[in-house]
Amino acid sequence: MAAAAWPGAVAACASSPNSLLLSRPPPHAPSPASTIRRRLVLGFGTPAVAALAAAAPAAVLQDGAATLFVTTGAYALVRTFDVLTERRLVDKSLSRKIVHVLSGVLFMSSWPLFRELLRGPLYYVLVLLFSVLVFWRESPIGIVSLSMMSGGDGFADIVGRRYGSVKLPFNEKKSWIGSISMFISGFLISAIMLYYFSSLGYIHVGWAEAFGKLALVALAATVVECIPVTDVVDDNISVPLATMLVAFLLFGSNTQ
Ligand SMILES: C/C(=C\COP(=O)(O)O)CCC[C@H](C)CCC[C@H](C)CCCC(C)C
Ligand SMILES: Nc1ccn([C@@H]2O[C@H](COP(=O)(O)OP(=O)(O)O)[C@@H](O)[C@H]2O)c(=O)n1
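Counting restarts for each chain: residues are numbered from 1 in the order of the written sequence. Chains carry letters and ligands carry numbers; both start at the beginning, A for chains and 1 for ligands, and go up in the order they are written. Selection of residues for local features in this predicted model requires a pLDDT of at least 70, selection of side-chain atom pairs for listing and counting requires 80 or more, and totals for whole chains, interfaces and linings are taken over all residues. Side-chain metrics in this entry use all non-hydrogen atoms of the structure; hydrogen atoms and water are not considered.

A.B. asks: Run through the overall build of the protein, naming residues and quoting values.
C.D. replies: For the protein, the helix and strand inventory stands at ten helices and two strands. Working definition: with a 1.4 Å probe on protein chains only, accessible area under 20% of the residue-type maximum means buried, over 50% means exposed, and in between means partly exposed. Here the protein holds 256 residues, and 40% of them are scored as buried. Note on areas: these come from Shrake-Rupley sampling with a 1.4 Å probe, and a residue is covered only by the protein chains present in the view. Surface exposure of the protein reaches about 14,700 Å², of which carbon and sulfur atoms provide 70%. Here a strand is any run of E in DSSP of at least two residues, a helix any run of H or I of at least four, and the numbering for each starts at the N terminus.

Shown next, in the form of structure tokens:
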């Protein structure tokens, strides 16, 4: 049953985007976030914690604390029933069903703890789950598309925000250097991840062809990321979907 900890943790992580909920606290009541912030400052009182609390937006603090709470709770729930089963205090199948019941109910109960609908992280986690379920580690498609979404899109932002003064002619929010960084980092991280999985024997990579294919997938990811549709489709969805399609066309279901 220890393996159940992983889906539990992913579910807990997925709750961080606090997907579906979401009543904000009434305006007259002190917000939980400001209470957390006050406790951080007054309770722990170190300058570093106080500075962090002062700098972080209230919603981030509240959602961060709620995510930590839910993640810890998910592990605690599974671990508790693991121990009860090991000590033969609860029958194994009953233990599993109690976790079955409590996981869903406690997970739903945690929704009011969160504050905002954080779309990007939610989509990101959903794409991770989709790739695990559909592609897992035997297909290069999931590996490559997740590399583009995480590494490529991530570095476009990191580099583009800092050095992206020269904007793209068709999208004033994105820069040449951001898109070039996306292409290079997406390509490199995909190649590294393919190497990692092939060295463990999960996939076979024909390297002579793989580099050209990866360049095409990285190009597709880069183009999709920089066209001005981000307001319509989040790039945590558009980038992986586009790269899954191109990788499927180029690689098929394996890298032979
Ligand atoms: C901030 C994130 C995505 C949104 O990006 P964007 O809107 O700026 O484009 C990432 C969200 C991460 C998520 C909440 C947590 C995912 C956890 C992951 C499944 C587990 C990693 C395990 C590892 C072994 C530490
Ligand atoms: N191709 C790109 C992508 C992002 N960026 C920079 O990164 C910032 C955030 O990018 P984004 O709007 O795609 O952010 P997310 O939707 O990925 O969170 C942009 O406002 C740009 O400053 C860039 O310069 N060039």
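That was the structure; now back to the text.
A.B. asks: Any chance you could break down the environment of Asp 157 for me, citing the residues and the numbers?
C.D. replies: Mapped onto the elements of the fold, Asp 157 is located in helix H7 (residues 140-163). Sequence spacing of Asp 157 and Pro 121 is 36 residues, and the spatial spacing of their C-alpha atoms is 15 Å.

A.B. asks: Mind laying out the site of ligand 2, listing which residues take part and the relevant values?
C.D. replies: In this text, near means that some heavy atom of the residue lies within 4 Å of the molecule or strand in question. By nearness alone, every residue bordering ligand 2 is listed as Asp 153, Ala 156, Asp 157, Gly 160, Arg 161, Lys 173, Lys 174, Ser 175, Gly 178, Ser 179, Glu 225 and Asp 235. Measuring from an oxygen atom of ligand 2, one finds a side-chain N or O atom of Lys 174 at 2.7 Å. Contact between ligand 2 and Ser 179: a nitrogen atom at 3.1 Å from a side-chain N or O atom of the residue. When ligand 2 sits alone it has 520 Å² of accessible area, and the protein chains cover 76% of it. The dominant element in the shell around ligand 2, judged by the number of residues it contributes, is H7, at five residues. Residues are grouped as follows: nonpolar covers Ala, Val, Leu, Ile, Met, Phe, Trp, Tyr, Cys and Pro; charged covers Asp, Glu, Lys and Arg; every other residue, Gly included, is treated as polar. When grouped by side-chain class, the residues that make up the shell around ligand 2 number one nonpolar, four polar and seven charged. Pairing of N or O atoms within 3.5 Å defines a polar contact, subject to two protein rules: one partner must be a possible hydrogen donor and the other a possible acceptor, and residues neighboring in sequence count only if both atoms are side-chain atoms.

A.B. asks: Could you give an account of the packing of aromatic side chains, with specific residues and numbers?
C.D. replies: Centre distance within 6.5 Å is the pairing criterion for rings of Phe, Tyr and Trp, where only the six-membered ring of Trp is used; planes under 30 degrees apart are then read as stacked, over 60 as edge-to-face, and the remainder as tilted. Counted by the stated rule, this structure contains seven aromatic pairs. Between Phe 187 and Phe 211 the ring centres are 6.1 Å apart and the planes differ by 35°, which places this aromatic pair in the tilted class. Here the residue Phe 187 occupies a position in helix H8 (residues 176-199), and Phe 211 occupies one in helix H9 (residues 207-226), the gap between them amounting to 24 residues. Pairwise contacts between aromatic rings join Phe 187, Tyr 195, Trp 207 and Phe 211 into one cluster.

A.B. asks: Outline the packing of helix H6 (residues 119-134) against helix H10 (residues 235-251), listing residues and values.
C.D. replies: Angles run from 0 to 180 degrees between N-to-C directions of axes, and those axes are lines fitted to C-alpha atoms, restricted for helices to the stretch in contact. The interhelical angle for the contact between H6 and H10, taken along N-to-C directions, is 25°, at an axis separation of 8 Å. Comparing the axis directions of H6 and H10 gives the class roughly parallel. Contact with H6, carried on its side by Gly 120, Tyr 123, Tyr 124, Val 127, Phe 130 and Ser 131, involves Asn 236, Ile 237, Pro 240 and Met 244 of H10 and no other residues of that element. Here the residues of the contact of H6 with H10 are counted per class, giving seven nonpolar, three polar and no charged. Comment on the angle field: the value is read as roughly parallel under 35 degrees, roughly antiparallel over 145, roughly perpendicular from 65 to 115, and oblique elsewhere. Residues are treated as being in contact if the distance between any of their heavy atoms lies within 4.5 Å.

A.B. asks: Talk me through the UniProt feature "transmembrane region" (unreviewed entry) in the protein; I want residue IDs and the actual numbers.
C.D. replies: UniProt tags residues 40-60, 97-114, 120-136, 176-198, 210-230 and 236-253 as "transmembrane region" (unreviewed entry). Counted over residues 97-114, helix gives 72% and strand 0%. Its end C-alpha atoms are 27 Å apart. Structurally, residues 176-198 is divided into 100% helix and 0% strand, and its ends, taken at the C-alpha atoms, are 33 Å apart. UniProt positions are given in the numbering used here, feature names are shortened, and annotations may be inferred rather than shown by experiment.

A.B. asks: Help me get a handle on the side chain of Thr 222, residues and values and all.
C.D. replies: Structurally, the position occupied by Thr 222 is in helix H9. Look at Thr 222 and you get buried, because its relative accessible area is 8%. A distance of 2.6 Å separates the side chain of Thr 222 from the backbone oxygen of Ala 218, its partner in a polar contact. Ignoring sequence-local partners within four residues, the contact set of Thr 222 consists of Ser 179, Met 182 and Phe 183.

A.B. asks: Please give an account of the packing of H6 against H7 that cites residues and values.
C.D. replies: The interhelical angle for the contact between H6 and H7, taken along N-to-C directions, is 165°, at an axis separation of 10 Å. Relative to H7, H6 is oriented roughly antiparallel. In the packing of H6 onto H7, the handedness of the crossing is left-handed. On H7, the residues that touch Tyr 124, Val 127, Leu 128 and Ser 131 of H6 are Gly 142, Ser 145, Leu 146, Met 149 and Ser 150. Residues that form the contact of H6 with H7 fall into these classes: five nonpolar, four polar and no charged. Should the near helix be turned anticlockwise from the far one by less than a right angle, the crossing is termed left-handed; should it be turned clockwise, right-handed.

A.B. asks: I'd love a proper account of the pattern of salt bridges, names of residues and values included.
C.D. replies: By definition here, a salt bridge exists when the distance from a side-chain nitrogen of Lys or Arg to a carboxyl oxygen of Asp or Glu is within 4 Å. Per the stated rule, a full pass over the model turns up seven salt bridges. Of the charged contacts in the structure, one is a salt bridge between Asp 82 and Arg 79, with a shortest N-O distance of 3.7 Å. Taken as a pair, Asp 82 and Arg 79 lie in helix H4 (residues 58-86) at a separation of three residues, close to a single helical turn. Since its relative accessible area comes to 44%, Arg 79 is described here as partly exposed. Measuring nitrogen to oxygen at the nearest pair gives 3.0 Å for the salt bridge that ties Glu 225 to Lys 174. Residue Glu 225 is found in helix H9, and its partner Lys 174 is found in strand E2 (residues 171-175); the two are separated by 51 residues along the sequence. An identical accessibility class is assigned to Glu 225 and Lys 174; each is buried. Salt bridges sharing partners connect three or more residues here, namely Arg 79, Asp 82 and Glu 86.

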